[in-house]
Amino acid sequence: MADEIGHAVSRIRATIWDGGKSAAHGAIGRVDALTVAAEFSPDLLDEARAIGAAVAARAAAGGGYRLGWSRGYRHVGLFEGISGVGYGLLRLARPTLLPSVLRWD
């Protein structure tokens, strides 16, 4: 399993900034995957938190989170909207208290 986790982490690192920021298929979803992988390799949690902080900083500097929707449309949903971004950032603070919505646990 270690090889599969290592491959997944490498792929996440290579694509972290591709696309939007949503939980479903964006940076926050990839950060959540790193958070789950940190259960097997605890050093990944620091990396996930650093990337999460960078996502928030980029959003602050750029006027908001880019979610892949057309300009002016505010999606509030969990998987493709801003609530998923918020939940993902909250989960970084306490990953053992908040479950991953992408794992279906």
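Structure first, text after, so check above.
The text that follows walks through the structure, step by step, so that each part is easy to find. (Residues numbered from 1 in each chain as written. Predicted model: local features only at pLDDT ≥ 70, side-chain atom pairs only at ≥ 80, totals over all residues. Heavy atoms only, no water.)

1. A short note on the overall build of the protein
Right, so step 1: Counting its regular elements, the protein contains four helices and zero strands.
Right, so step 2: What you see in the protein, going N to C, is helices and strands ordered as α-α-α-α.
Right, so step 3: Taken over the C-alpha trace, the protein has a radius of gyration of 13 Å; the compact-globule value for 105 residues is 13 Å, and the two agree within 12%.
Right, so step 4: Its C-alpha atoms put the protein at 45 × 25 × 20 Å along the principal axes.
Right, so step 5: Roughly 6400 Å² of accessible area belongs to the protein as shown, and the carbon and sulfur atoms make up 59% of that amount. (Helix = DSSP H or I, 4+ residues; strand = E, 2+ residues; numbered from the N terminus. Rg over C-alpha atoms; globule rule 2.2 N^0.38 Å. Areas by Shrake-Rupley, 256 points an atom, 1.4 Å probe, with all protein chains shown as cover.)

2. With respect to empty space enclosed by the protein
Regions of empty space are outlined by a rolling probe, equal in size to a water molecule, passed over the atoms.
Right, so step 1: A full pass over the atoms with the stated rule returns one cavity of 30 Å³ or more.
Right, so step 2: There is about 40 Å³ of room inside the largest cavity.
Right, so step 3: Residue lining of the largest cavity: A23, I28, G29, D32, G84, Y87, G88, V101 and L102, and that is the complete set.
Right, so step 4: Here the residues of the lining of the largest cavity are counted per class, giving five nonpolar, three polar and one charged. (1 Å grid on protein atoms, 1.4 Å probe; cavity = no way out; pocket = protein on both sides within 12 Å on 5 of 7 lines; lining within 4 Å. Points joined across faces, edges and corners; volume = space filled by probe spheres on them. Nonpolar A, V, L, I, M, F, W, Y, C, P; charged D, E, K, R; others polar.)

3. A short note on the packing of aromatic side chains
Right, so step 1: With the rule as written, the count across this model stands at zero aromatic pairs.
Right, so step 2: Positioned over the ring face of W17 is R58, at 3.7 Å from the centre of the ring. (Phe/Tyr/Trp six-rings, centres within 6.5 Å; stacked < 30°, edge-to-face > 60°. Lys NZ or Arg CZ within 6 Å of the ring centre and 35° of its normal.)

4. Looking at a nonpolar patch on the surface
Right, so step 1: A cluster of nonpolar side chains, namely L78, F79, L102 and W104, defines an oily patch on the protein surface of about 420 Å² accessible area.
Right, so step 2: Mapped onto the secondary structure, L102 falls in the segment after α4 (82–93). (Patch = residues over 30% accessible without salt bridge, like charges linked within 9 Å, V, L, I, M, F, W, Y side chains within 5 Å. Salt bridge = Lys/Arg side-chain N within 4 Å of Asp/Glu carboxyl O.)

5. A closer look at the side chain of D32
Right, so step 1: Its place among the elements puts D32 in helix α2 (residues 27–37).
Right, so step 2: A polar contact of 2.4 Å, which involves the side chain of D32, links it to the side chain of R91.
Right, so step 3: The contacts of D32, once residues within four sequence positions are left out, are R91, S100 and L102. (Polar contact = N/O pair within 3.5 Å; in protein donor to acceptor, adjacent residues only side chain to side chain. Contact = heavy atoms within 4.5 Å.)

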